[in-house]
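Residues per chain, in single letters:
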Amino acid sequence: MVAIFTLISFQVRAQNVEFMGVDLCGVEAKTIYDLVADRGYEYVGEDETSVLFEGDFAGHNAYVMVTDYITTGQVASINISIDEMTPKAMEDLYADLLVKFKRKYPHLENATYTDEKGVLTYAFVGDCVGIALQKRTSSKKGMKTGQLSILYSCSPVL
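Residues numbered from 1 in each chain as written. Predicted model: local features only at pLDDT ≥ 70, side-chain atom pairs only at ≥ 80, totals over all residues. Heavy atoms only, no water.

1. Focus: unusual backbone geometry
- Phi is positive for M20, which is not a glycine, with a value near 50°.
- Taking relative accessible area as the criterion, M20 reaches 24% and is therefore assigned partly exposed.
- Look at E84: it is not a glycine, yet its phi comes out positive at around 60°.
- You can see E84 is positioned in strand β6 (residues 75-85).
- Relative accessible area serves as the criterion here: at 49%, E84 is assigned to the partly exposed category. (Buried < 20%, exposed > 50% of the residue type's maximum accessible area, 1.4 Å probe, protein only. Helix = DSSP H or I, 4+ residues; strand = E, 2+ residues; numbered from the N terminus.)

2. Observations concerning the environment of V51
- Position of V51 relative to the elements: it lies in strand β4 (residues 50-57).
- Remark: the alpha-carbon pair of V51 and V66, spanning 15 residues in sequence, is separated by 5.3 Å.
- Not counting chain neighbours up to four residues away, the residues in contact with V51 comprise Y33, Y43, G45, E46, V64, M65 and V66. (Contact = heavy atoms within 4.5 Å.)

3. As for the pattern of salt bridges
- Evaluation of the coordinates by the stated rule reveals 4 salt bridges.
- Across the pair K104 and E18 runs a salt bridge, and its minimum N-O distance is 3.2 Å. Here E18 lies in strand β1 (residues 18-19) and K104 lies in helix α3 (residues 87-104), a separation of 86 residues in the sequence.
- Of the residues examined, K104 reaches a relative accessible area of 38% and is grouped as partly exposed. (Salt bridge = Lys/Arg side-chain N within 4 Å of Asp/Glu carboxyl O.)

4. What about the confidence of the model for the chain?
- Across the chain, the average pLDDT comes to 84, with 89% of residues at 70 or higher.
- Per-element confidence in the chain ranges from a low mean pLDDT of 35 for helix α1 (residues 2-15) to a high of 96 for strand β3 (residues 42-46).
- Under a pLDDT of 50 for its full length, residues 1-14 has, in the predicted model, 4 contacts with residues more than four places off or in other chains. (pLDDT = per-residue confidence, 0-100.)

5. A few points about the nonpolar core
- With 41 residues, the main nonpolar core has L24, I32, I78, I80 and Y152 as its most contacted residues.
- The set of elements that each furnish at least two residues to this core consists of α2 (29-38), β4, β5 (60-68), β6, α3, β8 (120-125), β9 (129-140) and β10 (143-154).
- With 7 residues, α3 is the largest single contributor of residues to this core. (Core = buried A, V, L, I, M, F, W, Y, C linked by side-chain atoms within 4.5 Å.)

6. Here's the deal with the packing of aromatic side chains
- Enumeration over the complete set of coordinates arrives at 7 aromatic pairs.
- Here Y33 and F53 contribute two aromatic rings whose centre-to-centre distance is 6.4 Å and whose plane-to-plane angle is 40°, an arrangement assigned as tilted. On the criterion of sequence distance, the pair formed by Y33 in helix α2 and F53 in strand β4 is long-range, its members being 20 residues apart. This pair shows no difference in class: Y33 is buried, exactly as F53 is.
- Relative to Y152, the ring of F101 has its centre 6.2 Å away and its plane inclined at 85°; by these criteria the two rings are edge-to-face. You can see F101 sitting in helix α3 and its partner Y152 sitting in strand β10, a full 51 residues away along the chain. (Phe/Tyr/Trp six-rings, centres within 6.5 Å; stacked < 30°, edge-to-face > 60°.)

Here is the structure:
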């Protein structure tokens, strides 16, 4: 029995992803709330399963939404959204993050997908975890802006 539990724990750790240096799978959402607040992000609001923060991410204003599993209180997902970037700043940050994630998570399968609206998603996927890096451009009053999203997700650890 101990060997089975150890094997399951090892598999989860091997497939895990980190957010701000903390393994996400199995971590209590409260731990992430505190970590985000300690890094200078300001509390914006919450609903039944999500808490929203605002702060600086790589020199850009960003929103960080932490969502938990109601039944366990563990992190289900973290979504970082950076809006109103110049297209060049978006491309540069996207390229930097892509290199970082490829280097950090070579064990995760990866794939790209572009939807009908031109949103490019680069996904890193494991058995119980995933990271999606999305970029899109839009025009407002004749000016192009870029948006970048990073979504971390994980299955609950029982």
